[in-house]
Amino acid sequence: MIIDTLDNLSKYIGMNPLFADVVEFLKQNDLNALEAGKHMIKGKDLFVNITTAKGRSKEAAVMETHIDMIDIQIPLDTCETFGYTPLCDLPDFEYNAEKDITKYGDTMAQTYVTCKPGQMAIFFPQDGHAPCISEQAEIKKAIFKVKVG
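The following paragraphs examine the structure supplied in this document. (Residues numbered from 1 in each chain as written. Predicted model: local features only at pLDDT ≥ 70, side-chain atom pairs only at ≥ 80, totals over all residues. Heavy atoms only, no water.)

Next up on the list: the overall build of the chain. Looking only at helices and strands, the chain has one helix and twelve strands in total. Listed N to C, the secondary structure of the chain is β-α-β-β-β-β-β-β-β-β-β-β-β in terms of helices and strands. By the compact-globule yardstick of 15 Å for 149 residues, the chain fits well, its C-alpha radius of gyration being 14 Å. Projecting the C-alpha coordinates of the chain onto the three principal axes gives extents of approximately 40 × 35 × 25 Å. Looking at the chain residue by residue over its 149 residues, the buried ones come to 45%. Within the chain, residue pairs in contact and separated by at least 24 positions form 80% of the contacts whose partners lie at least 6 positions apart. Total accessible area computed for the chain in this model is approximately 7800 Å², and 48% of it derives from carbon and sulfur atoms. In the chain, 15 side chains carry a positive charge and 22 a negative one; their mean positions are 3 Å apart. (Helix = DSSP H or I, 4+ residues; strand = E, 2+ residues; numbered from the N terminus. Rg over C-alpha atoms; globule rule 2.2 N^0.38 Å. Buried < 20%, exposed > 50% of the residue type's maximum accessible area, 1.4 Å probe, protein only. Contact = heavy atoms within 4.5 Å. Areas by Shrake-Rupley, 256 points an atom, 1.4 Å probe, with all protein chains shown as cover. Lys, Arg positive; Asp, Glu negative; His and termini not counted. Charge placed at Lys NZ, Arg CZ, Asp CG, Glu CD.)

In C-alpha cells form, the structure reads like this:
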C-alpha cells in the first residue's frame, strides 16, 4: 500500500509501466470534470472509474483484495478513510475471477488511513483494503484500475 499526494505519483512509475500512462492521463484530464463511469485508457489493462460511493462506517466497510489489478483510489470531493490489512492476515474467502475481487465479509481492518482530495491510496494484490469509510453520505472518487505488470 502506498499513501501519497497525486503530485508524487510519477515517483512510482518504476513499479508498473502503466503508472506512466496514469500520470499522463492526469496531466491531460481534470478528474472532477470527467463524467461518471468508466473511461478506458489502455483497454482492459488500464481504465479509470469516476463514481459516487456511499459513505460507510468502519463496521460497514467491506475488506477486499484483487489479484489482477492494482487500485489507485483518489477521493475527489471529501476525505476518505481506507481500512488496511495485509493479505497474509486475511482469512480464506472465495475469489470472483470475473470481477477480480475477493470480499471478506465482516472482517475488520487492522489499521486505517485517511486521504483528502489531492492524495491517493495505491493498493496492490497483497493489500486488503476497505474503501469508502466516511462520515459524509457520499464520496465522489476516481478509481484507476491498473493491470499487474
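Here we take up the pattern of salt bridges. On inspection of all chains with the given rule, the structure shows three salt bridges. Close ionic contact of Asp21 with Lys42 constitutes a salt bridge, the shortest N to O distance being 3.6 Å. One end of the pair, Asp21, is in helix H1 (residues 19-28); the other, Lys42, is in the loop between strand S2 (37-40) and strand S3 (46-54), with 21 residues separating them in the sequence. Since its relative accessible area comes to 22%, Asp21 is described here as partly exposed. Take Lys42: its relative accessible area is 43%, and that puts it in the partly exposed class. Where Asp71 meets Lys145, a salt bridge forms, and the shortest distance between an N and an O atom there is 2.5 Å. Taken as a pair, Asp71 in strand S5 (residues 69-75) and Lys145 in strand S12 (residues 138-147) lie far apart in primary sequence, 74 residues in all. The buried category is assigned to Asp71, whose relative accessible area is 1%. (Salt bridge = Lys/Arg side-chain N within 4 Å of Asp/Glu carboxyl O.)

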